[in-house]
Amino acid sequence: MSHEKCRKIKVAIWLLLFLIGSGDVMRRIGLIGLLLVSICLAGIVRPVQAQQEDRQEHDYVGFYGMDPETFDYLYTYKTVDSLHFANFIDGLLEHDTYGNLVGAMATHWEGNEDSTIWRFDLRQGVYWYTDEGEEYAEVTAQDFVTGLQHAADFQSQTLYLVQSVIKNLDAYVNGEIPFSEVGVKAVDKYTLEYQLNQPTPYFPTMTTYSILLPVNQSFLESKGLGCKLGEPEYSSCQFGVAKPESILYNGAYFLKNFTSKSIIEYEANPNYWDRDSVYIPNVKLIYCQQADPTTLFLAFDRGEIVSAPLDVNNPPLVKSAREKYGDSIFVTDTNGSVAFVTFVFNRQQYHSPLDSRQDVSPKTDQQKADTKAAILNTSFRRAIMRAIDTESINMQVVGEELKKISLRNTLTQPTFVQTSDGDCYGKLVSDSLKGLNPVLYSKQLSLDDGQMAFFNPEQAKEQLAIAKQELIAQGVTFPIYLDVIINSESDGSFRSAQALKQSIEQHLEGEVLINLIMSSRENLLASKTAELVNTDLVFSAGWSPDYGDPKSYLDILDPDNGDLLKSFGLNRSAIQSQEEKELKEQIGLYVFKELKEAANLEVRDMDKRYERYADAEAYALDQAYFIPLYASGGSYAVSRIIPYTKSYSPYGLSPMKFKRMQLSDRIVTLEERNKRYEKWSTVRQEQLKSKSINGAVEN
């Protein structure tokens, strides 16, 4: 697969999960957060002898729903792969329980004055092991150099993260220079250095992702002629094939068994450098293709598994669960992932890409032209944004009681970063919006989670009136018809889309009408390029960050290379038409880019950097390119996983690790959970405050 085809496939993954899932995209991601990151929330707790008198260890037995495709961790972008290898391979840095960046293979790291050079001192005496636990070689700085070259040689699906960041890496990928001129080198056996193209104060957070993991060159090249550095040949390289023996291990676990569509087993590495942080000696995952929430809950009720979601759309089950587990049912935490609606600015497809007789738009040619003109009108988009009751949409999946908790009003998680004064990013965005337009954005505006910051029927009517006057002057006829294509196989997506339709039509008093087009999974997945997107609103797309800087969110809106361009019905600048370029200019995407780039250039004063990114995001929100809906999480569950023991982070591989997770032999009550949260939250806030005082940049 080419580099361009693989750039930021996460947008497509989010859309795919929405389209083929049993609910909206965020709730599917929410279930993945519960079902996959915790491996389907399904685990039998099997006590084993504790190594210490006060230390409890339990085996974990769970379910998984999809086979990993490869263990070449330097190549793949897929969650089904990284969920496993995150437990096998340690990189330079990781996150602790409180979200702090801590050393894994690195014990110390620092940048030069302008953050263009970063040095990492490696932990000495850490070894690579085979899947049989045999010592192979010591982990050295050269392994990280080898890892990056292998990733570049094989056109890694995550290469986009660092290709423009690390000096000369792009030139190597394009065949212009030897790898020795790329900005990564082993200064000595235990010192690694990266040279970057521009100041990058957040670079340490990027090391928590798979693209910068190490690999031993001797072992790599022993896996076939095609594995040789500088001479890649996919067909003759067996490194990372889906077998335990295809990789070496320096992490907390070995892969002991992988039998396709049957079983996956891990065993804790007895020589792991941080063995005291591993409380689960063995992980056993059993293949289970169909694991709906009700099935999982019933398994939990039988005492077979560790945790389960509670499906609010199954009232009898909810009633029974509350009678039996009322003091233990809790609401899952939200995270950095976000779902949103996007407008398709240059729609060209009006039927299924696979069959012109299916998914056909009911609109006339004039209505199609009117819709396009309306979507290009800023006031029209603002009207739609203010007409959407996001609570009613979210309620379709999480229920009446929880409909507010996971609501999100920004693209970037509002608490993602904070200034030295303690102001969270969300406040910076709201302050910027108030400065942009005090009429639309009142002094009381807050963009915190758990509320509808933009839903305002009166403003919706006012903005539509402005838009209507402007559009009628252009020859547009009302009402405007918006097609919204949804998965007919998903009850959740249908209910959510019905709520969207009702909200828009009611609050805009019939001046905008929604055509719900029921599609199939196959037809929906056929919309692979901007030209094939067969809808006026993408409901819904989604994103989660790759590293700890707002840039990881806002780059997706870039008019030249942004990963939301397909959802906008637009192409990258390298292949865009003149019409597309003019449309981007018309809707102000290049103004947004100027704001975003100004933020990216600020690398010395992190407060200013965050403020400038907030200005860019405020502009995008004001222009209503997208409409935030909700974050992942905020749904009911019951669990025996001891809360706030896992690694915490809104990005990177750390949340996928079993390391640090602790299991109980009984259900955790809500009272116990709340006490643990209070302690965890207090410590985390103290640490965030300390980092702000010391000028640290990581989240």
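Further up the page is the structure itself.
Residues numbered from 1 in each chain as written. Predicted model: local features only at pLDDT ≥ 70, side-chain atom pairs only at ≥ 80, totals over all residues. Heavy atoms only, no water.

Asker: How would you sum up the overall build of the protein chain? Please name residues and give values.
Answerer: When helices and strands are tallied, the protein chain shows 22 helices and 21 strands. Considering only C-alpha atoms, the protein chain reaches an extent of 75 × 65 × 55 Å along its principal axes. Every one of the 699 residues in the protein chain was classed for burial, and the buried ones make up 61%. When contacts within the protein chain are restricted to residue pairs at least 6 apart in sequence, long-range pairs at least 24 apart make up 71% of them. (Helix = DSSP H or I, 4+ residues; strand = E, 2+ residues; numbered from the N terminus. Buried < 20%, exposed > 50% of the residue type's maximum accessible area, 1.4 Å probe, protein only. Contact = heavy atoms within 4.5 Å.)

Asker: Can you break down a negative patch on the surface residue by residue, with the values?
Answerer: On the surface, a cluster of negative charge is contributed by D421, D605, E611 and D615. Secondary-structure assignment places D605 in the loop between helix 20 (589-601) and helix 21 (606-623). (Patch = residues over 30% accessible without salt bridge, like charges linked within 9 Å, V, L, I, M, F, W, Y side chains within 5 Å. Areas by Shrake-Rupley, 256 points an atom, 1.4 Å probe, with all protein chains shown as cover. Salt bridge = Lys/Arg side-chain N within 4 Å of Asp/Glu carboxyl O. Lys, Arg positive; Asp, Glu negative; His and termini not counted. Charge placed at Lys NZ, Arg CZ, Asp CG, Glu CD.)

Asker: Which residues make up the sheet that holds strand 10 (residues 191-195), and what are the values?
Answerer: Read across the open sheet, the 4 strands follow the order 5-6-10-9; overall the sheet is antiparallel. Each edge of the open sheet is held by one strand with a lone partner, namely strand 5 (106-111) and strand 9 (184-188). Strand-to-strand twist across the sheet, computed as the mean angle between neighbouring axes with direction ignored, equals 20°. Across 5 bridges, the pairing between strand 6 (residues 117-122) and strand 10 is antiparallel. Paired with R119 across the two strands is E193, which belongs to strand 10. (Pairing = 2+ DSSP bridges. Axes fitted to C-alpha atoms, helices over the stretch in contact; angles between N-to-C directions.)

Asker: How would you explain the environment of D59 if you had to name every residue and give the values?
Answerer: You can see D59 is positioned in strand 2 (residues 57-64). At 3.1 Å, the side chain of D59 and the side chain of N282 are in polar contact. (Polar contact = N/O pair within 3.5 Å; in protein donor to acceptor, adjacent residues only side chain to side chain.)

Asker: Break down the pattern of salt bridges for me, citing the residues and quoting the values.
Answerer: Across all of its chains, the model carries 41 salt bridges by this definition. E94 is the partner of K657 in a salt bridge, and the nearest nitrogen-oxygen pair spans 2.8 Å. Of the two residues, K657 sits in the loop between strand 21 (636-639) and helix 22 (670-694) while E94 sits in strand 3 (residues 93-95), which places them 563 residues apart along the sequence. E94 carries the same exposure label as K657, and that label is buried. For K461, the salt bridge goes to E458, with nearest N and O atoms at 3.7 Å. You can see K461 and its partner E458 sitting in helix 15 (residues 457-473), 3 residues apart, about one turn around the helix. Of the residues examined, K461 reaches a relative accessible area of 31% and is grouped as partly exposed. Here the residues in one salt-bridge network are K551, D555, D558, D560, K593, K596 and E597, joined through shared partners.

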